[in-house]
Amino acid sequence: MVRRPFVAGNWKMYKTRNDAVALAKGVASKFATPDRVDVAVCPPSIYLDAVGQAIKGSSVALGGQNMYHTTFGAFTGEVNGEMLLDVGCKYVILGHSERRQFFGDTDEFVNRKVLAALKLGLLPIVCVGETLDQRKAGQTAKVVQTQFDGSLAGLTAEQMSQVVIAYEPVWAIGTGVKAEPRQAEEVHADLRKLIESRYNAQVASSVRIQYGGSVKADNAAEMFQQPNIDGALVGGASLEVESFLKIIEAAAAK
Ligand code: 13P
């Protein structure tokens, strides 16, 4: 099965409204290869509506950075999947390491969100990845397996096929220290084996696994050359039109 590369920009807690709209419009107007790569932008939730309007009718999709797993209710400060769909989201990032690290998202909590998103027809981008201490202690495979098992528990094969996994080693996020292509490929291949052993080869070959962590315009291509790296979840380099487009073009050339 040929997997279509997928590049998503995680804008985190950056940009003002005008800058967010300008960035979205810039990406949408210059994105020239929608037949070869899927692209999404994930702005802060307060700008989802404005960015959604800005990219309407283009080939750039919209994604949230997080959601709460219940339907409407008294949960001050939270946003649910229905709301994300309502403003035009197709994707939602779940279990990002910053959520796990700073906001207490556990595998079990992420799992509830993943199941809720899938039920609504929102496609989750589920993040996994080890810290530097864990890598140094030789625990990478074990940590990633635990996150995979916990965050993606209870999914049917059909649901699993709709999930995008993002392997984001925590030590590579925002540090400028990207994983070596072969280092990342090893984890991506392990993740695909985990999917195959729980489901089957067909599901395993259909799930897209993005790499995230210091992906830049000048290092993206070498990552995408790896057979199991199907695109990228981009932080810093997605905050400017030109650098994000170069990464998109590198994925389109895969
Ligand atoms: P950077 O690309 O800024 O390292 O961030 C990666 C990331 O966390 C994307 O979700």
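Data block above holds the structure.
Residues numbered from 1 in each chain as written. Predicted model: local features only at pLDDT ≥ 70, side-chain atom pairs only at ≥ 80, totals over all residues. Heavy atoms only, no water.

**Student:** Give a detailed account of the packing of aromatic side chains, specifying residues and quantitative values.
**Tutor:** By the definition in use, this model includes five aromatic pairs. With a centroid separation of 6.1 Å and 75° between ring planes, the pair formed by Y68 and F109 is classed as edge-to-face. With a gap of 41 residues between them, Y68 in the loop between β3 (60-64) and α3 (81-86) and F109 in helix α5 (residues 107-120) connect regions that are remote in the sequence. With respect to class, Y68 is no different from F109; both count as buried. Among the aromatic residues, those joined into a cluster by ring pairs are Y68, F75 and F109. (Phe/Tyr/Trp six-rings, centres within 6.5 Å; stacked < 30°, edge-to-face > 60°. Helix = DSSP H or I, 4+ residues; strand = E, 2+ residues; numbered from the N terminus. Buried < 20%, exposed > 50% of the residue type's maximum accessible area, 1.4 Å probe, protein only.)

**Student:** Hey, could you go over helix α1 (residues 17-30) for me, with residue numbers and the actual values?
**Tutor:** With 14 residues, α1 extends 20 Å from end C-alpha to end C-alpha; this agrees with the ideal 20 Å at 1.5 Å per step. Taken as a whole, α1 has its buried residues at A20, V21, L23, A24, G26, V27 and A28. Tucked inside the fold, the buried residues of α1 contact α2 (48-54), β3 and α12 (241-252). (Expected span 1.5 Å × (residues − 1). Contact = heavy atoms within 4.5 Å.)

**Student:** Describe in detail the pairing of strand β8 (residues 231-234), supporting the description with residues and values.
**Tutor:** Neither face of β8 is exposed, since G231 and L233 on one face and A232 and V234 on the opposite face are all buried. One ladder, built from four bridges, connects strand β1 (residues 6-10) with β8; its direction is parallel. Within β8, the residue paired with F6 across the bridge is G231. Strand direction decides the pairing type here: strand β7 (residues 208-212) and β8, joined by two bridges, are parallel. Within β8, the residue paired with Y211 across the bridge is A232. (Pairing = 2+ DSSP bridges.)

**Student:** I'd like to hear about the sheet that holds β3, residue by residue, with values.
**Tutor:** The parallel closed barrel is built from eight strands, whose spatial order is β1-β2-β3-β4-β5-β6-β7-β8. Adjacent strand axes in the sheet meet at a mean angle of 25° when their direction is disregarded. Sheet topology places strand β6 (residues 164-167) next to β7; four bridges connect them, and they run parallel. Across the sheet, I165 pairs through a bridge with I209, a residue of β7. (Axes fitted to C-alpha atoms, helices over the stretch in contact; angles between N-to-C directions.)

**Student:** A description of the packing of helix α7 (residues 140-151) against helix α9 (residues 181-198) should follow, citing residues and the corresponding values.
**Tutor:** In a pair of packed helices, the angle between the axes and the distance between the axes together describe the arrangement. Where α7 contacts α9, the axes come no closer than 11 Å and their chain directions differ by 45°. Considered as vectors, α7 and α9 are oriented oblique to each other. Remark: the crossing between α7 and α9 carries right-handed chirality. Judged by residue contacts, T140, A141, V144, Q145, F148 and D149 of α7 engage V187, D190, L191, L194, I195 and R198 from α9. In the contact of α7 with α9, the residues fall into seven nonpolar, two polar and three charged. (Parallel < 35°, antiparallel > 145°, perpendicular 65-115°, else oblique. Left-handed = near helix turned anticlockwise from the far one by under 90°. Nonpolar A, V, L, I, M, F, W, Y, C, P; charged D, E, K, R; others polar.)

**Student:** How would you sum up the site of the ligand? Please name residues and give values.
**Tutor:** Close to the ligand lie N10, K12, H96, E168, A172, I173, G174, G213, S214, L233, G235 and G236. The contact in question runs from an oxygen atom of the ligand to an N or O atom on the side chain of E168, over 2.9 Å. Take G236: an N or O atom from its main chain is 2.8 Å from an oxygen atom of the ligand. For the ligand, whose unbound accessible area comes to 310 Å², protein coverage reaches 96%. Assessed atom by atom at 2 Å from the grid points, the ligand resides in the second largest pocket. The residue makeup of the shell around the ligand, split by class, is three nonpolar, seven polar and two charged. (Near = heavy atom within 4 Å. Polar contact = N/O pair within 3.5 Å; in protein donor to acceptor, adjacent residues only side chain to side chain. Areas by Shrake-Rupley, 256 points an atom, 1.4 Å probe, with all protein chains shown as cover. 1 Å grid on protein atoms, 1.4 Å probe; cavity = no way out; pocket = protein on both sides within 12 Å on 5 of 7 lines; lining within 4 Å. Sits in = over half its atoms within 2 Å of the grid points.)

**Student:** Mind laying out the layout of surface pockets, listing which residues take part and the relevant values?
**Tutor:** The volume enclosed by the largest pocket comes to roughly 540 Å³. Around the largest pocket, the lining comprises 22 residues; the ones closest to its centre are K12, Q65, N66, R99 and F103. It is helix α4 (residues 97-102) that provides the largest number of residues to the lining of the largest pocket, a total of three residues. Residues belonging to the lining of the largest pocket are distributed by class as follows: 11 nonpolar, seven polar and four charged. If you add up the space inside the second largest pocket, you get close to 260 Å³. Lining the second largest pocket are 21 residues, and of these K12, I173, G174, G235 and G236 lie nearest its centre. (Points joined across faces, edges and corners; volume = space filled by probe spheres on them.)

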